[in-house]
Amino acid sequence: EKVADRFFLSARRNAPAAVEANMTWLRRHSWVDIPIDHQSGRGARVSAAKGIPGDRVFQEALRAWEEASG
């Protein structure tokens, strides 16, 4: 969602089924996709491989997020 020129907010849906699907996807896949909507209406996607260090960071962050949310 566009906040201002060149500033955007990214979020995932908060429905329980969507949260579970997103968490499972983040744990199982070795990459992360970042969708981008251009002002022209066209879209793009930036894909980044997590690698071993990135996977560790994701696992640690997901555990901390789950502990904090109860």
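To be clear, the structure that these remarks concern was listed above.
Residues numbered from 1 in each chain as written. Predicted model: local features only at pLDDT ≥ 70, side-chain atom pairs only at ≥ 80, totals over all residues. Heavy atoms only, no water.

Student: Give a detailed account of the environment of Ala 49, specifying residues and quantitative values.
Tutor: Along the chain, Ala 49 turns up in strand S4 (residues 43-49). Residues in contact with Ala 49, not counting those within four places in the same chain, are Ser 30 and Trp 31. (Helix = DSSP H or I, 4+ residues; strand = E, 2+ residues; numbered from the N terminus. Contact = heavy atoms within 4.5 Å.)

Student: Give a description of the packing of aromatic side chains that names residues and reports values.
Tutor: A complete count under the given rule lists 1 aromatic pair for this structure. Measuring from centroid to centroid gives 5.6 Å for Trp 25 and Trp 31, while their planes differ by 90°, and the two rings are edge-to-face. Assessed through its relative accessible area of 27%, Trp 25 is described here as partly exposed. Against the face of Phe 58 rests Lys 50, its NZ or CZ located 4.7 Å from the ring centre. (Phe/Tyr/Trp six-rings, centres within 6.5 Å; stacked < 30°, edge-to-face > 60°. Buried < 20%, exposed > 50% of the residue type's maximum accessible area, 1.4 Å probe, protein only. Lys NZ or Arg CZ within 6 Å of the ring centre and 35° of its normal.)

Student: Which residues make up the side chain of Asp 33, and what values go with them?
Tutor: For Asp 33, the location among the structural elements is in strand S3 (residues 31-37). Polar side-chain contacts of Asp 33 include one of 2.4 Å to the side chain of Ser 47. The contacts of Asp 33, once residues within four sequence positions are left out, are Trp 25, Arg 45, Val 46 and Ser 47. (Polar contact = N/O pair within 3.5 Å; in protein donor to acceptor, adjacent residues only side chain to side chain.)

All we've got here are geometric facts, nothing functional implied.
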